[in-house]
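Summary of the model geometry
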Protein chains: 2
Amino acid sequence: MKVAVIGIGLIGGSFARDVKKLHPEVTIVGLDKNQTHLDEAIELQIIDVKGDLDALADADMVYVSIPVNAMVHELPKILDAVGDDTLVMDAGSTKRLICESVAEHPKRRNFMACHPIAGTEFSGPSAALEGLYDGKTMIICEVEKTAFKLQERALAIFQAIGMRIRYMNPEAHDKHIAYVSHLSHISSFMLGKTVIEKEKNERDIFDMAGSGFESTVRLAKSSPDMWTPIFEQNKDNVVETLEEYIQNLTTFKELIQKNDFENVHLEMSNTNKIKQILKGIPLTKK
Amino acid sequence: MKVAVIGIGLIGGSFARDVKKLHPEVTIVGLDKNQTHLDEAIELQIIDVKGDLDALADADMVYVSIPVNAMVHELPKILDAVGDDTLVMDAGSTKRLICESVAEHPKRRNFMACHPIAGTEFSGPSAALEGLYDGKTMIICEVEKTAFKLQERALAIFQAIGMRIRYMNPEAHDKHIAYVSHLSHISSFMLGKTVIEKEKNERDIFDMAGSGFESTVRLAKSSPDMWTPIFEQNKDNVVETLEEYIQNLTTFKELIQKNDFENVHLEMSNTNKIKQILKGIPLTKK
């Protein structure tokens, strides 16, 4: 078996590690515009060899995990390069523009639009973890546009690495993911910014920060190179979630200013039900 | 040795567990207006006996961990009831009003104003953890107002349970804690609210949520009974932090709307330095 991974970072590298564990005989070809990452991936035994687009013609499977702005440009070229029997999967955090970028491609049936809900705040090959996908959700969009036997090949590997599958259309994916992922990142980045700005001359103040602050600000460590194009591609949905979030914060602030602490309490009590909701979310192993 | 713990929840119960471990011969008296919590604390062997204010006269140490609105009413009565050689410490998340509530009390020198930066999003005696305080920061305010030999007694126990000590005045405490703790809680509660409101008819959508969402929304599980009075007592500082946070979110949203993704990237890059800052924060063991 030959598997190509394009973009050898946290997501692609973790996929490579899982595939290697399942199929020790596999040859994993790595492609990345960052030569240092490629060298690191070989040293870490995440990939077997470096390659280029020519390596895709006889690959059984190509996993593309690059920033979503690069994805829309590279995916058509990748599909041009693959063989008739090659399965191409992406791991992009947006789905509408990615699906559109290959909608009319003659090899559209070789492509499966995927978004693994897995990750950490770290990036690069050294962040790749065996078992990252275990117990996580894989969202698949427009599954009916992928050739049936390639669907089967994809599902077999996803199930083997422990993922649960959810099917969704690209528009619904982008709308909902703005709430449960993109907004979290922005809330965390701006929380970090607010505190850093205020406390820039008083670094000792961070001695006062506890695990609660650490938890809410964790995502502010995420890669701007990865997240900027996500916000760009999902602009309308992200702006909508931000407006609702800002409105809720403003209302909460006004309740405090009006000394309406009965409703401050009520707002928090109503949100406590997040406890039950979160029980269904698998945690990332650290 | 006799130690009284007033308010047997996460914070008081964890303190009791640590004291018991250090001094197995201690008698721990529990006081709580919630009889179920008291019974539970006895069953869990967190306290030895239930008591009332009469039990404080010959106590060596009294640890008061009740909501901060109750604290300002109860602390003077507690000081009335203690003996001349009893040390009283509070664990309130605000400090200015608490210090003011006992400023003129004849037994002010028996009191030490404390805020342990430790906790989880859970509450009640069953949430109490041995070792919760290990490696955490204890903020002490107005230390010069506490009798010297009682300071020594307090420091000995804090050091024995693994805490590092920071001294601060109550106003500075309340101002900075609004940034590194109170704002995190509100950002998390409102994030939870925004997502729950949007997705109330689509519970399956939470399948799309990953560990990033779980992390940013974790504090939205916190107790409204505990947090409402904190926001009330620290109203001015909390409103100020919220205004800055809302302003930062609004600016970020406008950058996205204007397609100024260069500055979107820059905002996130500038905030990435939170990585270095966070390295100093001890994590709560789960």
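Reading guide: rules and limits
All residue numbers here refer to positions counted from 1 along the written sequence of the relevant chain. Each chain takes a letter, starting from A, and each ligand takes a number, starting from 1, following the order in which they are written. Side-chain atom pairs in this predicted model are given and counted only at pLDDT of 80 or more, local residue features only at pLDDT of at least 70, and totals for whole chains, interfaces and linings cover all residues. Note that the side-chain values use all heavy atoms of the structure and ignore hydrogens as well as water. A run of H or I in DSSP becomes a helix once it reaches four residues, and a run of E becomes a strand once it reaches two; helices and strands are each numbered from the N terminus. We compute the radius of gyration from the C-alpha atoms alone; for a globule the expected value is 2.2 Å times N to the 0.38, where N is the number of residues. Buried residues are those whose accessible area, probed at 1.4 Å on protein chains only, stays under 20% of the maximum for their type, while exposed residues exceed 50% and partly exposed ones sit between those limits. By the convention used here, residues are in contact when the closest approach between their heavy atoms is within 4.5 Å. Values of accessible area rely on a 1.4 Å probe in the Shrake-Rupley scheme; residue burial ignores everything except the protein chains shown. In this tally, Lys and Arg are treated as positive and Asp and Glu as negative; His is ignored, and so are the chain termini. Just so you know, the charge point we use is NZ for Lys, CZ for Arg, CG for Asp and CD for Glu. Expected span of a helix, by definition, is 1.5 Å for each gap between consecutive residues, and there is one gap fewer than residues. Domain ranges listed in this record stem from an automatic or a database domain assignment. Buried area: the accessible surface (1.4 Å probe) lost by two parts on joining, summed over both. Any Lys or Arg side-chain nitrogen found within 4 Å of a carboxyl oxygen on Asp or Glu counts as a salt bridge. In this comparison the copies share one frame, found by least squares on the C-alpha atoms of residues holding pLDDT of at least 70 in both. Note on pairing: two strands pair once DSSP finds at least 2 bridges between them. Distance and chemistry together define a polar contact, namely a pair of N or O atoms within 3.5 Å, with one atom able to donate a hydrogen and the other to accept it when in protein, and with adjacent residues in sequence counting only for side-chain atoms on both sides. With the strands pointing away from the viewer, any crossover whose connection runs clockwise from the first strand over the helix to the second is right-handed.

Counting its regular elements, chain A contains 11 helices and 8 strands. Against the compact-globule benchmark of 19 Å for 286 residues, chain A has a radius of gyration of 21 Å, which places it among compact chains. Reported as C-alpha extents along the three principal axes, the dimensions of chain A are approximately 70 × 40 × 30 Å. Within the span of chain A, comprising 286 residues, buried residues form 61% of the whole. Taking all contacts inside chain A whose residues are at least 6 apart in sequence as the whole, residues at least 24 apart take part in 74%. Approximately 11300 Å² of chain A is accessible, and the part contributed by carbon and sulfur atoms is 49%. Between the averaged position of the 33 positive side-chain charges in chain A and that of its 42 negative side-chain charges there is a distance of 3 Å.

Before going further, it helps to examine helix H1 (residues 10–22) of chain A. Residues and elements named next belong to chain A. The terminal C-alpha atoms of H1, which comprises 13 residues, lie 18 Å apart, in line with the 18 Å expected from a rise of 1.5 Å per residue. When H1 is considered as a whole, its buried residues turn out to be Leu10, Ile11, Gly12, Gly13, Ser14, Phe15, Ala16, Asp18 and Val19. Where H1 is buried, its residues contact strand E1 (2–6), strand E2 (27–31), strand E4 (61–64), strand E5 (87–90), strand E6 (111–117) and helix H5 (148–160).

All names here are of chain A. Taken domain by domain, chain A holds domain 1 (2–169) and domain 2 (173–278). Using C-alpha coordinates to define each centre, domain 1 is positioned 31 Å away from domain 2. Facing the 18 residues of domain 1 at the interface are 14 residues of domain 2. For the pair domain 1 and domain 2, the two sides together bury roughly 1300 Å², of which 61% comes from carbon and sulfur. Among the residues of domain 1 in contact with domain 2, Ser93, Thr94 and Glu121 are the three that bury the most area, contributing 41% of the side total. Our count for the domain 1 to domain 2 interface comes out at 2 salt bridges.

Let us look at the side chain of His105(A). Residue and element names in this part refer to chain A. When you line up the elements, His105 lands in the loop between helix H4 (96–101) and E6. Overall, the relative accessible area of 13% leaves His105 in the buried class. With residues near it in sequence (within four places) discarded, His105 still touches Pro76, Leu79 and Asp80.

This part covers the relation of the copies chain B and chain A. With an axial shift of 0.0 Å and an RMSD of 0.0 Å, the rotation relating chain B to chain A amounts to 180°. Here the transformation between the copies is reduced to the relation of a two-fold axis. The position closest to the rotation axis in chain B is occupied by the C-alpha of Thr216(B), lying 2.1 Å away. Here 100% of the interface residues in chain B have copies in chain A that are interface residues too; the copies meet face to matching face.

Moving on, we come to the sheet that holds strand E7 (residues 137–141) of chain B. Strand pairing within a sheet occurs via backbone hydrogen bonds; the two strands may be parallel or antiparallel. What the 8 strands build is an open sheet, ordered E3-E2-E1-E4-E5-E6-E7-E8 (chain B); its pairing is mixed. Strands with a single pairing partner mark the edges of an open sheet, and in this sheet they are strand E3 (49–50) and strand E8 (164–168) of chain B.

At the junction of the two partners, chain B supplies 90 residues and chain A supplies 90 residues. The contact between chain B and chain A buries some 9000 Å² in all, and 69% of this surface belongs to carbon and sulfur atoms. Residue Glu244(A) pairs with Lys198(B) through a salt bridge whose shortest N-O separation is 3.6 Å. Taken together, chain B and chain A are joined by 29 residue pairs in polar contact (both at pLDDT 80 or more). At the level of secondary structure, the elements contributing two or more residues to the side of chain B that touches chain A comprise E7, E8, helix H6 (170–198), helix H7 (211–216), helix H8 (224–233), helix H9 (235–257), helix H10 (261–271) and helix H11 (274–278) of chain B. Per element, the largest residue contribution to the side of chain B that touches chain A is 21 residues, and it comes from H6(B).

Residue and element names in this part refer to chain A. One pass over the structure, following the stated rule, counts 38 salt bridges over all chains. A salt bridge links Lys77 to Glu74, with the nearest nitrogen and oxygen atoms 3.4 Å apart. Of this pair, Lys77 and Glu74 both sit in helix H3 (residues 68–81), 3 residues apart, which is roughly one turn of that helix. Overall, the relative accessible area of 42% leaves Lys77 in the partly exposed class. Put simply, Glu142 and Arg108 hold a salt bridge, and the shortest N to O gap is 3.1 Å. Here Glu142, found in the loop between strand E7 (137–141) and H5, pairs with Arg108, found in the loop between H4 and E6; they are 34 residues apart in sequence, far enough to count as distant. Here Glu142 and Arg108 have matching classes, each one buried. Through salt bridges with shared partners, a single ionic network connects Glu121, Glu214, Arg218 and Lys221.

This next bit is on helix H2 (residues 35–43) of chain A. N-capping of H2(A) is provided by Asn34(A), with a side-chain oxygen placed 3.0 Å from the backbone N of Thr36(A). Gln45(A) lies just past H2(A) and shows a positive phi near 60°.

Attention now goes to the pairing of strand E6 (residues 111–117) of chain B. Residue and element names in this part refer to chain B. Of all 7 residues in E6, 7 are buried; the element is thus mostly enclosed. Taken together, strand E5 (residues 87–90), helix H4 (residues 96–101) and E6 constitute a β-α-β crossover, and its handedness is right-handed. Pairing of E6 with E7 involves 5 bridges; the strand directions are antiparallel. Following the sheet pairing, Cys114 is matched in E7 by Ile140.

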